Amino acid sequence: MAKPVLYTYFRSSCSWRVRIALAWKGIEYESRFVNLVKDGGQQKKDEYAAINPMQQVPALVMNESTMTQSVAMLEYLEEVHPEKPLLPVDPLERVKVREIVSVISGGIQPLQNLSVLKKIGDEGKMEWGKFWIDKGFQALEEILKRTAGKYCVGDTVTIADACLVPQVYNANRFKVDMEQFPIIARLNDELLKLDAFKESHPSKMDDCPENLRS
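The rules behind these values
Each chain has its residues counted from 1, following the order in which its sequence is written. It should be noted that, the model being predicted, local features are given only for residues of pLDDT at least 70 and side-chain atom pairs only at 80 or more, the latter also being counted only at that level, while totals for whole chains, interfaces and linings use all residues. Working from all heavy atoms in the structure, the side-chain values ignore hydrogens and water. Within this scheme a cavity is a closed region of a 1 Å grid, computed over the protein atoms alone, that accommodates a 1.4 Å probe without allowing it to escape, whereas a pocket is open but has protein on both sides within 12 Å along at least five of seven lines; lining residues each have an atom within 4 Å of a point. Grid points are joined across faces, edges and corners, and a volume is the space filled by probe spheres set on the points. Secondary structure follows DSSP: runs of H or I at least 4 residues long count as helices, runs of E at least 2 residues long count as strands, and numbering of each begins at the N terminus. Only Asp, Glu, Lys and Arg are considered charged in this grouping, and only Ala, Val, Leu, Ile, Met, Phe, Trp, Tyr, Cys and Pro are considered nonpolar; every other residue, Gly among them, is considered polar. Any residue under 20% of the maximum accessible area for its type is buried, any over 50% is exposed, and the rest in between are partly exposed; the area is computed with a 1.4 Å probe on protein chains only. To be clear, the arc concerns the directions from the helix axis to the C-beta atoms. Contacts are residue-level and defined by heavy atoms, with any inter-residue pair within 4.5 Å sufficient.

Draft legend 1. Structural view of the layout of surface pockets. Within this model, the largest pocket holds a volume of roughly 890 Å³. What lines the largest pocket is a set of 36 residues, among which Leu 36, Gln 112, Asn 113, Leu 114 and Ser 115 lie closest to the centre. Listed by contribution, the elements that provide at least two residues to the lining of the largest pocket are helix H1 (13–24), helix H3 (70–80), helix H5 (114–120), helix H6 (125–147) and helix H7 (159–173). Counting residues per element, the lining of the largest pocket draws most heavily on H5, which supplies 4 residues. Looking at the lining of the largest pocket residue by residue, the class counts come to 13 nonpolar, 16 polar and 7 charged.

Below you can see the structure in the form of structure tokens.
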């Protein structure tokens, strides 16, 4: 069976979510890098647009099928590779996980997507991104007060954690004051100790510029 192919960009938080899940489950895959800035955005080229009509990353080619939405990919990986699960067994805990995922993937991340920031313009994009992440994190912090243990929901890693860490990375890029959000900050620090999160970090990716590597 062919190795999965992930079309990814080092700093894409949606791509990082999927890289975390692949690493967590020990799934070997091939990375194909799509630079969202170079040449006016390689995601806009016809070759990639044929793979993902939304002209976004990631895209995952696996089991002779192409997937183009990161949360759907996380759910798919859980279904076909249930080992090292990323969803709890208990239905109510699953709902909590999916709620956190939806807050991040639907209510926070899209507002600082590259295509949105280009519309805002260079002068206003930092203020815009910081405002919306800050607003979203205020809600997320309250949700996590009810759900968090060592990780977002209890003491096991879930797809909520795979979404949280890349969003905190973005928050730091937009200079959000993380002291306001002690639970989010604590969870992020704890998760970044885990191999799957460290190995998939943007600074470890082959397409990461040398000055941003660690």
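Once the structure has been displayed, the description carries forward.
Draft legend 2. Broad picture of helix H8 (residues 182–191). Within the span of H8, buried status applies to Ile 183, Ile 184, Leu 187, Asn 188 and Leu 191. The buried residues of H8 occupy one face: seen down the axis, they fall within an arc of 130°. Turned more than 90 degrees away from the buried face of H8, the exposed residues are Pro 182 and Asp 189. Here the buried face of H8 lies against H6, H7 and helix H9 (195–199).

Draft legend 3. Layout of unusual backbone geometry. The step from Val 57 to Pro 58 runs through a cis peptide bond, and the omega angle for that step is 5°. In this structure, Pro 58 sits in the loop between helix H2 (46–49) and strand E3 (59–62). Residues other than glycine seldom take positive phi values, yet Asn 63 does so here, at roughly 55°. One can find Asn 63 in the loop between E3 and strand E4 (65–67). Its identity as a non-glycine residue notwithstanding, Lys 84 has a phi of 50°, on the positive side. A relative accessible area of 45% means that Lys 84 is categorised as partly exposed.

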